[in-house]
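Descriptive structure summary
Below, each chain spelled out in residue letters.
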Amino acid sequence: MAPPPLDLGSSSVTVLRSGPDFVVAAGLCGWLRAWQLRPAEQTSEEVSEEAWVLVLDEHSTYDLPNGRTSSHPFRCVAVADGELAASTTHAEGRIQVWDTKRWVRTQLLQAVEAESGERARFVKHAARATTSCLALDGSTLVAGSREGCVNSWRRAGGTPDAGAGGGAGGGRAAFERRCRNLRADQGPVGAVLLLPGG
């Protein structure tokens, strides 16, 4: 039996990803939402139908002067191996990671880190890392930026289940920085790719 149609509402959808039983959508208005397909259930009295259930409703809204608000849209979304990584257009390159089995945020990564010492004089582009693309697999997360840099993180121990206790959501080891502000190009990084065994 085919699943029921999913109504994404009237907001603009600029990013759409899916997993085995869920759909993730993001739009220009600063929201990131995920729906999971709840299977039909049968009790002694009635049979419920399959239904899409909203399991994630994240907003990137912030306050402006004079009571106004704005948002940084979620433009980059990657799904792999039971996880979702997403980043807004914010210049600090914040990347949020969720567990798609429990729909809890397990980590908040920061692409921008202050440079110090002699390196700070030569790395002016490090003050911004507006995420332009993401790649995710079970053990590695890579982000390209509009400023031409690549940042990457790898799980402690190198595998999804390495480590004891895992990240903030439990279960898996946390991502740790592997590569910081690697200059890839003078312009925006258009895509990053993770190769098997890499």
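Bear in mind the structure is a predicted one, so any value in this text is a computation, not a measurement. (Residues numbered from 1 in each chain as written. Predicted model: local features only at pLDDT ≥ 70, side-chain atom pairs only at ≥ 80, totals over all residues. Heavy atoms only, no water.)

1. Some thoughts on the overall build of the chain
Inclusion rule: Here a strand is any run of E in DSSP of at least two residues, a helix any run of H or I of at least four, and the numbering for each starts at the N terminus. Three exposure classes are used, based on accessible area relative to the maximum for each residue type with a 1.4 Å probe and protein chains only: buried under 20%, partly exposed in between, and exposed over 50%. Pairs of residues are marked as contacts when any of their non-hydrogen atoms sit within 4.5 Å. Only the protein chains shown count as cover for residues, and the accessible areas themselves come from Shrake-Rupley with a 1.4 Å probe.
Summing up its helical and strand segments, the chain has 1 helix and 14 strands in all. Burial statistics for the chain: of 198 residues in total, 42% are counted as buried. When contacts within the chain are restricted to residue pairs at least 6 apart in sequence, long-range pairs at least 24 apart make up 46% of them. For the chain, the exposed surface amounts to about 10800 Å²; the carbon and sulfur share of it is 50%.

2. Thoughts on the environment of Trp35
As for its placement among the helices and strands, Trp35 is situated in strand β3 (residues 31-38). With 29 residues separating them in the primary sequence, Trp35 and Leu6 have C-alpha atoms 8.5 Å apart. In contact with Trp35, not counting residues within four places along its chain, are Leu6, Leu8, Asp21, Phe22, Val23, Ala25, Trp52, Val53, Leu54 and Val55.

3. Details of the side chain of Ser145
Structurally, Ser145 can be placed in strand β12 (residues 140-145). If we ignore the near neighbours within four places in the chain, the residues touching Ser145 are Ala129, Thr130, Thr131, Ser132, Pro188 and Val189.

4. Overview of the pattern of salt bridges
Put simply, the test is: In what follows, salt bridge is the name for a side-chain nitrogen of Lys or Arg lying within 4 Å of a carboxyl oxygen of Asp or Glu.
Tallied over the entire structure, the rule returns 6 salt bridges. For the salt bridge of Arg33 with Asp57, the shortest nitrogen-to-oxygen distance reads 3.0 Å. Placement of the pair is Arg33 in strand β3 and Asp57 in strand β4 (residues 51-59), with a sequence separation of 24 residues. Where Arg105 meets Glu58, a salt bridge forms, and the shortest distance between an N and an O atom there is 3.7 Å. Residue Arg105 is located in strand β10 (residues 104-110), and its partner Glu58 is located in strand β4; the two are separated by 47 residues in the primary sequence. The class for Arg105 is partly exposed, based on a relative accessible area of 42%. Among the ionic contacts, a cluster of salt bridges with common partners joins Asp81, Glu83, Arg155 and Arg172.

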